[in-house]
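# An overview of the molecular structure
Chain by chain, the residues run as shown.
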Amino acid sequence: MDGGRIETAGAQTLRRGLSVLRLLTRVGPGGIRVSDIGRRVSLNKATAIRLTRALMDEGFVLHDPVSGRYRLGPEAFAVGLAAEPSFELQRLAAPLLRRVALETGDTVLFSVLHGHEAICLSRDEGDYPIRNQLIKAGDRWLLGVGAGAAALLAALSDEEVFDVLARNAEVRAARFPRCTDAAIWELIHQTRTLGYCLQPGLVVEGSWAVGVPVFDTNDRPVAAISAAAIELRLGPARGAAIGNRLVMASRELSGLQALQGDRRDAEKAAAQT
């Protein structure tokens, strides 16, 4: 019994420490004060201080004594470098995403599939003066919530969809009440029929988006490209035009992945001769 309690307490401490690190990745290089850390991740001040000091001791967090702010440290950078190969797809996609943003004038987002969530890795702005500010790089979204996350969910099997919706039902009901099972299934059927998902303000009223899945060389969904705009700009007709453009972009990115794989195989073969 004691061992079980210790393990549970340890897991809870780990989750809290990771929540602090996750927050620091989102606030940027300017850092954040410990009182704001506690408020934003729902920790009392004493716990927030204890966790940030432990992270400082291990080099994951730095403290500026002048401003009193905390920011990511060198160990966090080292972990990021170790994980960097996982973001090769985003690097391949970057020029394509920028081109689509310039063509459409809208905000173009790139997200990767991670468990039962979609994590936004990049945001490219078009030149339209009124921008959709709902999603930024680093944000995590439940599968099914938002155009990109719904497009990813639609690319999974029905069995996987039922499992995902059951897992996130409670959070969706509390945070995104319009993203019901019925509404998400409608988006799934739409995406499977048209190739793109047009999300009509289900997350935030007046905030529309179009999303498509991106597949790897094994035909598994790994990422999503989406374009977001206000409702007046992104209605059904224009949404269809942009949706078809995103489908083309997704296919182009899948082709780039295949070429990258072929190049890597050729280099490996050459090294062995």
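Here, residues in each chain are numbered from 1, in the same order as that chain's written sequence. It should be noted that, the model being predicted, local features are given only for residues of pLDDT at least 70 and side-chain atom pairs only at 80 or more, the latter also being counted only at that level, while totals for whole chains, interfaces and linings use all residues. Hydrogens and water are ignored here; the side-chain numbers use all heavy atoms of the structure.

## Quick look at empty space enclosed by the protein
Grid points spaced at 1 Å over the protein atoms alone were grouped into cavities, where a 1.4 Å probe fits but cannot get out, and pockets, open sets with protein on both sides within 12 Å along at least five of seven lines, with lining residues defined by an atom within 4 Å of a point. Grid points are joined across faces, edges and corners, and a volume is the space filled by probe spheres set on the points. Throughout the structure, instances matching the rule amount to 2 cavities of 30 Å³ or more. In this structure, the largest cavity encloses a volume near 200 Å³. Around the largest cavity, the lining comprises 21 residues; the ones closest to its centre are Leu109, Ile135, Gly146, Ala147 and Gly148. Broken down by secondary-structure element, the contributors of at least two residues to the lining of the largest cavity are strand E4 (107-114), strand E5 (117-124), helix H6 (147-154), strand E8 (207-215) and strand E9 (221-230). Residues of the lining of the largest cavity, tallied by class, amount to 14 nonpolar, 7 polar and no charged. Space inside the second largest cavity adds up to approximately 50 Å³. Around the second largest cavity, the lining comprises 12 residues; the ones closest to its centre are Asp106, Thr107, Ile130, Arg131 and Ala228. Gly counts as polar in this scheme, as do all residues outside two lists: the nonpolar Ala, Val, Leu, Ile, Met, Phe, Trp, Tyr, Cys and Pro, and the charged Asp, Glu, Lys and Arg. When the residues that make up the lining of the second largest cavity are grouped by side-chain class, the tally is 4 nonpolar, 4 polar and 4 charged. Runs of H or I in DSSP of at least four residues are treated as helices and runs of E of at least two as strands, each being numbered from the N terminus.

## Side note on helix H3 (residues 45-57)
The span you would expect from a helix comes to 1.5 Å times its residue count less one. Along its 13 residues, H3 runs 18 Å from first to last C-alpha, staying within 8% of the 18 Å computed at 1.5 Å per residue. Considered for burial, the residues of H3 that qualify are Thr47, Ala48, Leu51, Thr52 and Leu55. Angular distribution of buried residues about the axis of H3 spans 125°; they occupy a single face of the element. Exposed and facing more than 90 degrees away from the buried side of H3 are Lys45, Ala46, Arg53 and Asp57. Any pair of nitrogen or oxygen atoms within 3.5 Å is treated as a polar contact; in protein, a donor-acceptor pairing is required on top of that, and neighbouring residues in sequence qualify only through side-chain atoms on both sides. Sitting at the head of H3, Asn44 places a side-chain oxygen 3.2 Å from the backbone nitrogen of Ala46. Positive phi shows up at Gly59, right after H3, with a value of about 85°. A 1.4 Å probe rolled over the protein chains alone gives each residue an accessible area, and that area as a share of the maximum for its type sets the label: buried under 20%, exposed over 50%, partly exposed in between. The directions from the helix axis to the C-beta atoms form the arc being described.

## Let's talk about the environment of Ala147
Looking at the element boundaries, Ala147 is found in helix H6. It is 42 Å that separates the C-alpha atoms of Ala147 and Pro65, two residues lying 82 residues apart in sequence. Should any heavy atoms of two residues lie within 4.5 Å, those residues are considered in contact. Discounting chain neighbours no more than four positions away, the residues touching Ala147 are Cys197, Gln199, Ala209, Val210 and Gly211.

## Details of the nonpolar core
In terms of nonpolar packing, the biggest core is built from 32 residues, with Leu143 and Leu153 touching the most fellow members. Contributions of two or more residues to this core are made by E5, strand E6 (140-142), H6, helix H7 (158-175), helix H8 (181-194) and E9. A total of 7 residues in this core trace back to one element, the largest contributor, which is H6. Remark: nonpolar core denotes a set of buried residues (Ala, Val, Leu, Ile, Met, Phe, Trp, Tyr, Cys) joined through side-chain atoms within 4.5 Å. Listed in part, the 26 residues of the second largest apolar core include Leu198, Trp208, Val214 and Leu234.

## A closer look at the pairing of E9
Buried residues dominate E9, accounting for 8 of its 10 residues. Pairing of E8 with E9 involves 9 bridges; the strand directions are antiparallel. The partner of Ser207 across the bridge, within E9, is Ile230. The antiparallel pairing of E8 with E9 creates a hairpin that spans 5 residues between the two strands, and Asp219 there sits at a positive phi of about 65°. Strand pairing requires that DSSP identify at least two bridges connecting the strands.

## Some details on the sheet that holds strand E7 (residues 197-200)
The 6 strands are arranged E6-E5-E4-E9-E8-E7 in an open sheet whose pairing can be described as antiparallel. In this open sheet, the two edge strands, each paired with only one partner strand, are E6 and E7. Each neighbouring strand pair of the sheet contributes to a mean axis angle of 30°, computed without reference to strand direction. Two strands pair when backbone bridges link them, and E7 and E8 are joined in this way by 4 bridges, in the antiparallel orientation. Of the residues in E8, the one forming a bridge with Leu198 is Val210. An axis is simply a line fitted to the C-alpha atoms; with a helix, the fit covers only the stretch in contact. Between two such axes, the angle follows the N-to-C directions and lies from 0 to 180 degrees. Helix-sheet contacts for H6 involve E4, E5, E6, E7, E8 and E9, and the interaxial angle to E8 is about 40°.

## Quick notes on the side chain of Ser122
Following the sequence through the fold, Ser122 ends up in strand E5. At 3.4 Å, the side chain of Ser122 forms a polar contact with the side chain of Gln90. If sequence neighbours within four positions are ignored, Ser122 has contacts with Gln90, Leu97, Val108, Leu109, Phe110 and Ala137.

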